[in-house]
Amino acid sequence: MKKIIILFCLTFNLFLFSQKIESFKTIFNDKISIRAIELYDNKIWYSGTDSKFGYVDIKNPQDQKQIKLSENKLQFRTLAQDKTSFYAVNIESPAYFFKIDKKKLTYKIIHTDTAKAAFYDALVIQKKNGVALGDPYGKCMNIIITKNRGENWQVLPCKKEYENQEGEAAFAASNSNVYLNGNEFWFVTGGKKSRQFYSYNMGEKLYGKEVKFVSGSNSTGIYSLDIDPHTRFGIAVGGDYTKQEANIDNIATTQNGGESWNIQASGHNAGYTTCVKIKPGSKGKEIISVGDQHISYSSDFGKTWTKISDEKGFYVCRWIDQSTVVFAGKDKISIMKLTF
């Protein structure tokens, strides 16, 4: 009887601390590449290739709408929102910053970057503040900020203390290599060097710190970052998109808002990863991540990972609630329901 009780307890604990996929359904198909999504009004909003912008309703997927923000075939890899509007910027020059009314879905261009080197990797908005991250102009990353919901944009000056290393840039992989919280923001880079930058007052001062992450070529580095603003726990993921299975030094975590980073699960994860998101309310303990070849989950602050799906072609993820995650990528949007 004692052995039976022990076996029951072990089985119960295994069930209690594991997760399973209850359902995994594709709710949207189109000829499109999606690398940026937002949640609003019980809908998944997306931007993508061929100037496409639209939504699909979470509970009623037949409720869909799509518009084109330009007659040109612009490629969007960014999407952000505030209370009344969505924002998107295309990746290449000339780069147009669009502001889209949430109710009417009317839109206007609020800023244009005509520099030949313009290439925008990410865009985040929170209340009045916003940050757009682009690949280097000369010696520094191209960082522009707004403090009035996109009506005006200011390019941060290039200073010697945060000049980029040769071959350093960012990745337009999932609109998640920038994190904004109030007046402070973080962003991450890759290439020949992988670094994490931090500003406490909307770019007034910018501090850079090298992360001992996989680096050395144009395809290596940090692709995605997420932070719990309450605990200052953060996680960075990436790898090498030309070597999907490579899994050495491609996950790192911080316990102090980026002051120091520790490599996690090196050699023991599913490989190249484009997007990572902390489960709301978990304080960083529970995390979902996605790469071109896998979906993975961690329940111990990123120390160990379980590959929960071999589904391919997803680039971006987002928690809808405590047990539901949306994934988007090549030609599709899907919703996964997890049980814990």
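Above this note sits the structure.
The present account deals with the structure reproduced in this document. Remember, it's a predicted structure, so these values are computed and weren't measured experimentally. Position labels on residues start from 1 in each chain and follow its written sequence. Restriction of local features to residues with pLDDT of at least 70 applies here, the model being predicted, together with a cutoff of 80 or more for giving and counting side-chain atom pairs; totals for whole chains, interfaces and linings are based on all residues. Hydrogens and water are ignored here; the side-chain numbers use all heavy atoms of the structure.

## As for the overall build of the protein
Broken down by element type, the protein carries 1 helix and 28 strands. Considering the protein as a whole, with its 340 residues, one finds that 55% of them fall into the buried category. Surface exposure here means Shrake-Rupley accessible area, sampled with a 1.4 Å probe, where a residue is shielded only by the protein chains that are shown. In the structure as shown, the protein presents an accessible area of about 15600 Å², 50% of it carried by carbon and sulfur atoms. Counted as positive: Lys and Arg. Counted as negative: Asp and Glu. His and the chain ends are not counted at all. To locate a charge, take atom NZ for lysine, CZ for arginine, CG for aspartate or CD for glutamate. Separation of charge centres in the protein, based on 46 positive and 35 negative side chains, amounts to 3 Å. In this text, helices come from DSSP runs of H or I with a minimum length of four residues, and strands from runs of E with a minimum of two, each type numbered from the N-terminal end. Relative accessibility under 20% of the residue-type maximum defines a buried residue, over 50% an exposed one, and the middle range a partly exposed one, all with a 1.4 Å probe and only protein chains included.

## A few points about the sheet that holds strand β5 (residues 80-81)
Should DSSP find at least two bridges between two strands, the strands are regarded as paired. Read across the open sheet, the 4 strands follow the order β5-β6-β7-β8; overall the sheet is antiparallel. The open sheet has two edge strands with one neighbour each: β5 and β8 (107-113). Of the strand pairs in this sheet, strand β6 (residues 85-89) and strand β7 (residues 95-101) are connected by 5 bridges, and their pairing is antiparallel. Bridge assignment links phenylalanine 86 to a residue of β7, and that residue is isoleucine 100.

## Some words on the state of the cysteines
Any cysteine sulfur atom paired with another within 2.5 Å is treated as part of a disulfide. For the structure on display, the rule yields 1 disulfide. Cysteine 140 shares a disulfide with cysteine 158; S-S distance 2.0 Å. Disulfide cysteine 140 to cysteine 158: torsion about the S-S bond roughly 70 degrees, handedness right-handed. You can see cysteine 140 sitting in strand β11 (residues 140-146) and its partner cysteine 158 sitting in the loop between β12 (154-155) and β13 (168-169), a full 18 residues away along the chain.

## As for the pattern of salt bridges
Here, a salt bridge means any side-chain nitrogen of Lys or Arg that lies within 4 Å of a carboxyl oxygen of Asp or Glu. In this structure the tally under the stated criterion is 12 salt bridges. A salt bridge links aspartate 30 to lysine 52; its shortest N-O distance comes to 3.0 Å. Residue aspartate 30 is found in strand β1 (residues 20-40), and its partner lysine 52 is found in strand β3 (residues 52-57); the two are separated by 22 residues along the sequence. Relative accessible area serves as the criterion here: at 24%, aspartate 30 is assigned to the partly exposed category.

## Digging into the environment of isoleucine 34
Turning to its location among the elements, isoleucine 34 is positioned in strand β1. Linking isoleucine 34 and lysine 307, residues 273 residues apart in sequence, is a C-alpha distance of 22 Å.

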